[in-house]
Amino acid sequence: MSKSGAVNALSEEEARAELARLAELLTQANAAYHRDDAPEISDADYDAAKARNAEIEARFPALKRADSPSDVVGAAPADGFSKVTHVVRMLSLGNAFDPDDITEFDARIRKYLGFGPSAPLAYTAEPKIDGLSLSLRYEKGSLVQAATRGDGSVGENVTANARTITDIPTTLTDAPDVLEVRGEVYMSHADFDALNARQLEKGGKPFANPRNAAAGSLRQLDSEITRARPLRFFAYAWGDISAPLADSQSGAINKLARLGFQTNPLTELCDGPQQMLKHYAKIEQQRASLGYDIDGVVYKVDDLGLQQRLGFRSTTPRWAIAHKFPAELAWTTLEGIDIQVGRTGALSPVARLHPVTVGGVVVSNATLHNEDYIAGRDSKGAQIRDGKDIRVGDWVQVYRAGDVIPKIADVDMSKRPVGAQPYEFPLTCPDCGSDAIREEGDAVRRCTGGLICPAQAVEKLKYFVSRAAFDIEGLGAKQVEQFYLDGWIAEPADIFALQTRYGRGMQQLKNREGWGDKSADNLFAAIEEKRNIPLKRLIFSLGIRHVGEVAAADLARHFGTWPALADAIDTARSAAACHLQADAAEARERETAQREGRRARIKPVRDAQWVGLDQAAKSAWDDLTGIDGIGAAVAAALVTTFAQEAERASIDRLVDALNIEPDAAPAQAASPVSGKTVVFTGTLEKMTRAEAKARAEALGAKVSGSVSAKTDLLVAGPGAGSKAKKAADLGVETIDEDGWLALIESA
DNA sequence: TATCCTCGAGTTCC
DNA sequence: CTCGAGGATA
């Protein structure tokens, strides 16, 4: 950092020397930041240097250098890119790894469409480019926006950078008014090698692989740097669009080519799985000589009408699949096995590996899942790795599943060290020493220590401050862990007592390196801000088993307020007890039945579970389990958590410290169904269940999964069974799909 | 009862 | 990203 002598005291000679020094420092820092995504100096130092430079230039204008860092546009490590919400979500694809997966894919589609095994059904097959997806929006033929995929819903605006890519036209003739073109940005092998050579010449760090180079180049804040990088683009899909491009996938791709986009020359139309696999083999053969990285082949149903009928699952289209090439493999030694304890007490074994490069990344850890996985079995007891177990000291083969998560694929038995023993999975928690038990039929072994286990406590706290939970600025996983070790917080409620407990300014905090008055005040302000918390975030943050983001939102929507939820859970307590007893009775019945060689008689056992139960508990239980997506396991987890004294006290302390915002049903103009509880059953022909549910909720209705006395309306499609009968018994109004559509359209 | 689908939980490296 | 498991449905 610069000597911060007063600028006024500088001689002209000293000023000139310092300006030169600052110019070099800042240029280098820029390069390190942008080129390598690896800042060499901190943001604060960077800002200070820049300010000092400006100060000296203001005092000695004549000395301002031609390459003055103050003139470099967009060079400052700024706030990043603006966000873009995709009009049509950018989905990922399902994966296939062997020929069987492809024939199953075809069979699944035929079944869904009601096609026989010999009905004609064409697919396109094209190489899957290993780059990053980009969405280009054209309005009236002009490129107006380019966005990265991001999480699929929201990406980053990289328009300025996209404009520098020669494969991407900035204007189109004869295009629909609105046209969103999607494709892959990539870097060729030749360009990648040349870029890395240049990097090395300049003394910079080379990129690990073309994909990283392309990603790093597209995400430059200074688009002039992107311009200097030789990026390419293949178009293969489209999003928001005002007029169809064609009536088939292949026709649409041809249309994109005519509009001036690069499309992959290895795209081919296939008439079924055999041809698809043949094309896959052909592409795999050419893989090394293509000149760019690909990681598989993508198959899509060619007919766009059929694509529409097939539609989407939550994150992937039904009409496409990615057939991946086998992952890159590497051999290394297993140096040890550590056990991590998660928030739910799950003991997860992690492999400590001798560092090895796999797919351009150095890997030193790999997940081992659970004790069966180490022993060479999957959850159903079937053999994996031909039944070979994993022992410390083994020579093991590592790959990255989905090119991300390191896993162990194989063990070389010929190199097993003499005397290597099978791994003994711990039966007690390595952190607190409590028993670690594995429930019947469960894959994981869990620490029973609960709140007394430090590992669980810390993980729970980390979960509590995570992004989907309280998301307190300045209080991340690291800080929370440190505060826990310091004894400042033991449970979530303590976070909200920090300031009063330790005094404003919190001397202990300020004494720590990296913390000053300002950061302490900021932290307290951020904590205060989150004292107001939406109900669904609170429910999620409690970290109850089986209750994640979706279930938390469903519960919040159903009950509206914290007291309503807590009351229902408390009231249902005896019902949950009956349910759990019935579970145990069912397990006993199954066992006896098997021993006696007869079929288990489950129904009488289950029917007996409610005998002698009070009505209030039963109806609270039905209320909970009637919520779409909430079943017995989730309800039981809620009740059990609330019934445990220590845990409940901790929750109560937290709730007392908060101002919980009720979950308001979205403000809706009075629609014919607002406030009504609706159940869908049978086959819906004009919409998917998910659509029907979303639409109904948008109109202010509650959608439930089962018919009860609280149901206002049953929408029954063809094939409705027991629910329609129950509705008739209860006198619940029942209409068909057309009736429902007419009803909601009258709104 | 079997099957499909979605959600939850746990994981690595940058 | 993947796996296991819960929930809904045929």
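Notes on the structure in this doc start here. (Residues numbered from 1 in each chain as written. Chains lettered and ligands numbered in written order. Predicted model: local features only at pLDDT ≥ 70, side-chain atom pairs only at ≥ 80, totals over all residues. Heavy atoms only, no water.)

**A look at the protein's contact with DNA strand B**
Put simply, the rule is: We call a residue near a molecule or strand when any one of its heavy atoms sits within 4 Å of it. Nitrogen and oxygen atoms within 3.5 Å of one another constitute a polar contact, given that in protein one can donate a hydrogen and the other can accept it, and given that sequence-neighbouring residues count only through two side-chain atoms. Where helices and strands are cited, they refer to DSSP runs of H or I of at least four residues and of E of at least two residues respectively, numbered from the N terminus. Residues are grouped as follows: nonpolar covers Ala, Val, Leu, Ile, Met, Phe, Trp, Tyr, Cys and Pro; charged covers Asp, Glu, Lys and Arg; every other residue, Gly included, is treated as polar.
Among the 26 residues in the neighbourhood of DNA strand B, the closest are listed as Arg 343, Thr 344, Ser 348, Ile 405 and Gly 548. Sugar plus phosphate: this is where 93% of the atoms of DNA strand B within 4 Å of the protein reside. Val 550 is positioned with one of its backbone polar atoms (N or O) 3.3 Å from a phosphate oxygen of DNA strand B. In the environment of DNA strand B, a phosphate oxygen lies 3.0 Å from a nitrogen or oxygen atom belonging to the backbone of Ala 551. Going through the elements one at a time, β13 (347-358), β14 (361-367), β16 (405-411) and α19 (549-559) are the ones with two or more residues in the surface near DNA strand B. With five residues, the top contributor of residues to the surface near DNA strand B is β14. For the surface near DNA strand B, the per-class residue count stands at eleven nonpolar, nine polar and six charged.

**Topic: the packing of aromatic side chains**
To keep it simple, the criterion reads: Whether two aromatic rings pair depends on their centres lying within 6.5 Å, for rings of Phe, Tyr and Trp, where Trp uses its six-membered ring; planes under 30 degrees apart make the pair stacked, over 60 edge-to-face, and the rest tilted. Three exposure classes are used, based on accessible area relative to the maximum for each residue type with a 1.4 Å probe and protein chains only: buried under 20%, partly exposed in between, and exposed over 50%.
Scanning the entire structure with this criterion turns up 13 aromatic pairs. Both rings, one in Tyr 280 and one in Phe 325, keep their centres 5.3 Å apart while their planes meet at 50 degrees; by these two values the pair is tilted. With Tyr 280 in helix α9 (residues 273-286) and Phe 325 in the loop between β11 (320-324) and β12 (330-341), the pair connects residues that are 45 residues apart, well separated along the chain. For the pair formed by Tyr 280 and Phe 325, the shared burial category is buried.

**Points about the side chain of Asp 623**
As a reminder, the rule being used: Should any heavy atoms of two residues lie within 4.5 Å, those residues are counted as being in contact.
Checked against the element boundaries, Asp 623 lands in helix α23 (residues 615-625). There is a polar contact of 2.8 Å between the side chain of Asp 623 and the side chain of His 558. Beyond its immediate chain neighbours, meaning those up to four positions away, Asp 623 contacts His 558, Phe 559 and Lys 710.

**Regarding the environment of Asp 303**
Residue placement: Asp 303 occurs in the loop between β10 (294-301) and α10 (304-310). Of the residues examined, Asp 303 reaches a relative accessible area of 36% and is grouped as partly exposed. With 195 residues separating them along the chain, Asp 303 and Leu 498 place their C-alpha atoms 61 Å apart.

**What to know about the pattern of salt bridges**
Put simply, the test is: The term salt bridge refers to a side-chain nitrogen of Lys or Arg lying within 4 Å of a carboxyl oxygen of Asp or Glu.
Enumeration over the complete set of coordinates arrives at 35 salt bridges. Notably, a salt bridge pairs Arg 219 with Glu 156, separated by 2.9 Å at the nearest N-O pair. Within this pair, whereas Arg 219 is found in the loop between α6 (210-218) and α7 (223-227), its partner Glu 156 is found in strand β6 (residues 154-156), the two being separated by 63 residues in sequence. Judged by its relative accessible area of 39%, Arg 219 is partly exposed. Notably, a salt bridge pairs Asp 652 with Arg 648, separated by 3.3 Å at the nearest N-O pair. Here Asp 652 and its partner Arg 648 are both found in helix α25 (residues 645-657), four residues apart, which amounts to about one turn of the helix. Bridged by salt links that share partners, the residues Arg 137, Glu 139, Glu 180, Arg 182 and Asp 240 form one connected network.

**Concerning the pairing of β10**
This is how it is decided: For two strands to be treated as a pair, DSSP must find no fewer than two bridges joining them.
Of all eight residues that make up β10, eight are buried, and the element is covered over most of its length. As paired elements, strand β3 (residues 123-129) and β10 share seven bridges and run antiparallel to each other. Counted as the bridge partner of Ala 125 is Tyr 299 from β10. In the sheet, β10 pairs with β11 via five bridges, with the strands oriented antiparallel. Within β11, the residue paired with Val 297 across the bridge is His 323.

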